[in-house]
Amino acid sequence: MLDPESWMEVRDGHFYCKPADAYVDPMEPVPRAVITHGHADHARKGHGRVWATEETMAIMDTRYYISDDTVRVPLRYGQRHDLGGGVTLWFASAGHILGSAQAVFEYQGQRIVAAGDFKRHPDPTCAPFEVVPCDVFITEATFALPVFQHPPLESEVEKLMRSMRTLPDRTHIVGVYALGKCQRVMKTLRLAGYEHPFYLHGALKRLTELYESYGQDFGEWQLVSEIDRKDKDRFRGKIVLCPPAQINDRWSRRFADPLPTVASGWMQIRARARQKRAEMGLIVSDHADWNDLLRTCRETGASMVWITHGRVEALEYALRKEGINAKGLHLIGMDEEAGE
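Residues numbered from 1 in each chain as written. Predicted model: local features only at pLDDT ≥ 70, side-chain atom pairs only at ≥ 80, totals over all residues. Heavy atoms only, no water.

1. Examining helix H6 (residues 290-300)
And step 1. Along H6, the residues classified as buried are Trp290, Asp292, Leu293, Leu294, Thr296, Cys297 and Thr300.
And step 2. Residues of H6 that are buried make contact with strand E11 (136-141), strand E18 (304-310) and helix H7 (312-321).
And step 3. Positive phi appears at glycine 301, one or two residues downstream of H6, with a value of about 75 degrees. (Buried < 20%, exposed > 50% of the residue type's maximum accessible area, 1.4 Å probe, protein only. Helix = DSSP H or I, 4+ residues; strand = E, 2+ residues; numbered from the N terminus. Contact = heavy atoms within 4.5 Å.)

Dropping the structure here:
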């Protein structure tokens, strides 16, 4: 059997497909890059040629502009492409954010799947995760500890709605990551019956508009900056969305009796909630939890699992107990906080 490390290796701290001369999610400019999704710890500008989904390229343009000198090769989910050197590339949905993909590499009868970041929980703003049978599965391990059991997002949104009913005079300021988390929370709130306008920090504007350009409907929303500073009562009983760093910043002083809230997978750990100075924590993650990490590794049927970042040792130990050949690789630049 072909040794997978004979054609896929870690080079300069990043995955590198040798026969195709292409890197996966490199953190510095390279001639040829396969990008799984648009978060900053996976997607950077300056590459000579980029393979990604159309949505990921649009996100990259919105966040940091892809130069006209970069050759773009957008691929739809399932569209097979000759990457060169006898390697076939195609993308399968990862369920992480809009346009997120697992990069599937096939070479001489062997298949390696680089999952990037992924989740298994339903998300109305992106395509669901697709299990791809493979020989080698490359996975993250952001929440790879048994303590991390992510509840359904609907139950966390109901917690927020209940707080608003109980405390109608307070402004609920929710800290959300700008790409993916913000839009997922907005959409789920609408599906739960929230009918008031959302009020957004300016940093969330462009990506929310991008999601809308791909057919997402978030209802009415306004920028906080468009509201008169003296009109604090406008926000009572309403939801304000902002980057997590802003919930206790000077920016939040413009609101009437603010209730600082953070939506993050880390809110399952009380010390993290205190660290963020959140009065209320919503356990909302765009990554797989412990059970889903194990389930996914099993369902792929992979005889080898390579683990990129996060709680690497815990996942490696658990998989080896099940007879799966697992090993950690600690790549450069991967950030367990990104998109959390």
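2. Section: the sheet that holds strand E6 (residues 71-74)
And step 1. Pairing in this open sheet of six strands is mixed, and the strands run E1-E2-E3-E4-E5-E6 from one edge to the other. For this open sheet the edge positions go to strand E1 (8-11) and E6, each flanked by a neighbour on one side alone. Put simply, the sheet's adjacent strands are angled 30 degrees from each other on average, direction ignored.
And step 2. Bridge analysis of strand E5 (residues 49-52) against E6 gives four bridges, and the strand direction is parallel. Counted as the bridge partner of arginine 49 is valine 71 from E6. (Pairing = 2+ DSSP bridges. Axes fitted to C-alpha atoms, helices over the stretch in contact; angles between N-to-C directions.)

3. Let's talk about the packing of aromatic side chains
And step 1. In total, this model carries twelve aromatic pairs according to the counting rule given.
And step 2. For the pair phenylalanine 148 and tryptophan 266, a centre-to-centre distance of 5.5 Å together with 85 degrees between the ring planes defines the contact as edge-to-face. In this pair, phenylalanine 148 sits in the loop between E11 and helix H2 (153-166) while tryptophan 266 sits in the loop between strand E16 (258-263) and helix H5 (270-275), placing the two residues 118 residues apart along the sequence.
And step 3. Taking the centre distance of 5.0 Å and the plane angle of 80 degrees together, the rings of tyrosine 199 and phenylalanine 235 count as edge-to-face. In this pair, tyrosine 199 is assigned in strand E13 (residues 198-200) and phenylalanine 235 in the loop between strand E14 (221-223) and strand E15 (239-242), connecting sequence segments 36 residues apart. Here tyrosine 199 matches phenylalanine 235 in class, with each residue buried.
And step 4. Members of the aromatic cluster, joined through ring pairs, are Tyr199, Phe235, Trp251 and Phe255. (Phe/Tyr/Trp six-rings, centres within 6.5 Å; stacked < 30°, edge-to-face > 60°.)

4. What about the side chain of threonine 188?
And step 1. Positionally, threonine 188 belongs in helix H3 (residues 181-191).
And step 2. The exposure class of threonine 188 is buried, given its relative accessible area of 4%.
And step 3. If sequence neighbours within four positions are ignored, threonine 188 has contacts with Pro124, Leu153, Glu154 and Val157.

5. Details of the nonpolar core
And step 1. Leu189, Phe198, Ile239 and Leu241 are the most contacted members of the largest nonpolar core, which totals 35 residues.
And step 2. The leading source of residues in this core is H2, at five residues.
And step 3. Those residues within four positions of isoleucine 239 in sequence are excluded, and the remaining contacts are Leu160, Met164, His172, Val174, Leu189, Tyr194, Pro197, Phe198 and Tyr199. (Core = buried A, V, L, I, M, F, W, Y, C linked by side-chain atoms within 4.5 Å.)

6. Considering the state of the cysteines
And step 1. For the coordinates displayed, the defined rule picks out zero disulfides.
And step 2. In this structure cysteine 126 is a free cysteine whose sulfur lies 14 Å from that of cysteine 182, the closest cysteine sulfur available.
And step 3. Given a relative accessible area of 13%, cysteine 126 falls into the buried group.
And step 4. For the unlinked cysteine cysteine 182, the closest cysteine sulfur is that of cysteine 242, found at 9.7 Å.
And step 5. Judged by relative accessible area, cysteine 182 falls into the buried class, the value being 0%. (Disulfide = S-S within 2.5 Å.)

Scope: geometric values only; no functional claims are made or implied.
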